[in-house]
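Structural overview for review
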Amino acid sequence: MIETAVDGDVTWVTLSRPDRRNAFTEPGLRALRSAVTEAETPVVFLTGEGAAFSAGADLEVVGGLGREEARAFAQLGQSVATAIAEAEAVVVAGIDGPARGGGVELALACDVRVATPAATFAETGVSLGLFGAWGGTSRLPRVVGEGEAMDLALSGRTVDADEALVMGLVSRVVDEPASVAEEIAGNDPAALSVLKRRLRDDADRAVQHAREADAFADLVERNAGDIAW
């Protein structure tokens, strides 16, 4: 479900499963991690094919997981998000259309998030008795603040591109998000790498991620019969 292409100093990584709104299975997550970490350009542009950025985890998969499998699936998603955050390249998310659940969390792991006017965002897991467990419980409050994070996560409400801009979930709303990736790629690669690492320097989140995966596994076990998309 992952397609890659190189355009100058930008590697395009496209989530390509439009019939499932670019929802992720385990192989798709692993492919995304490889595509981002193996990129040889200073900038990666992450985008989705079709009408959505990503619906996050494929609920047909999640609904069939046992408790230990659910924990492992959450940990895999966390590892992919961490790989994006720690990638050598600057990763720019171009969000056009809906980003839901894990799709929001993968965008949060990117260094820069740019939306089109058609973009929308929601952490809808709570309506299914779940929550986003790909590092979102640590990254969302860091990006938008605790109050906004609590509101988004607990209500499951949808915000449009303009509101996402106001709360800091995205940094720009433009018609062509790829232009921002190209703008960044026009700068010195060594400076980009150093700046990314200094701006990313924060406390270790390993303990929080372990607790997040455990809580997600508990909810999958409890609500297994009701999880569906």
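Up top is the structure.
These notes cover the structure that comes with them. (Residues numbered from 1 in each chain as written. Predicted model: local features only at pLDDT ≥ 70, side-chain atom pairs only at ≥ 80, totals over all residues. Heavy atoms only, no water.)

1. So, helix α9 (residues 189–200)
This is how it is decided: Numbering of helices and strands starts at the N terminus; helices are DSSP runs of H or I of at least 4 residues and strands are runs of E of at least 2. How far a helix is expected to stretch is found by multiplying one less than its residue total by 1.5 Å. Think of it in three bands: with a 1.4 Å probe and only protein chains considered, a residue is buried below 20% of the maximum accessible area for its type, exposed above 50%, and partly exposed in between. It is the directions from the helix axis to the C-beta atoms whose arc is reported. Residue contacts are defined here by distance: any two heavy atoms, one from each residue, within 4.5 Å place the two residues in contact.
The first and last C-alpha atoms of α9 sit 16 Å apart over 12 residues, in line with the 16 Å expected at 1.5 Å per residue. Those residues of α9 that sit buried are Leu 192, Ser 193 and Lys 196. Considered in projection along α9, the buried side chains sweep an arc of 100° and stay on one side of the axis. Looking at α9, the residues exposed on the side facing more than 90 degrees away from the buried face are Ala 190, Leu 195 and Arg 198. As for α9, its buried residues are in contact with β3 (43–48), α3 (67–86), β4 (90–95) and α8 (178–185).

2. Considering the pairing of β4
Threshold: For two strands to be treated as a pair, DSSP must find no fewer than two bridges joining them.
Of all 6 residues in β4, 6 are buried; the element is thus mostly enclosed. With burial as the criterion, each face of β4 is covered, one bearing Val 90, Val 92 and Gly 94 and the other bearing Val 91, Ala 93 and Ile 95. Here 5 bridges tie β3 to β4, and the two strands are oriented parallel to one another. Its bridge partner being in β4, Phe 45 is matched across the sheet by Val 92.

3. Quick notes on the pattern of salt bridges
The following threshold applies: For salt bridges, the criterion is a side-chain nitrogen of Lys or Arg within 4 Å of an Asp or Glu carboxyl oxygen.
Under the defined criterion, the tally for this structure stands at 15 salt bridges. Asp 58 is the partner of Arg 17 in a salt bridge, and the nearest nitrogen-oxygen pair spans 2.7 Å. A residue pair is termed long-range when its members are at least 10 positions apart, and Arg 17 in the loop between β2 (10–15) and α1 (26–37) and Asp 58 in the loop between β3 and α2 (59–62) qualify at 41 residues. The partner of Glu 60 in a salt bridge is Arg 20, and the shortest N-O contact between them spans 3.7 Å.

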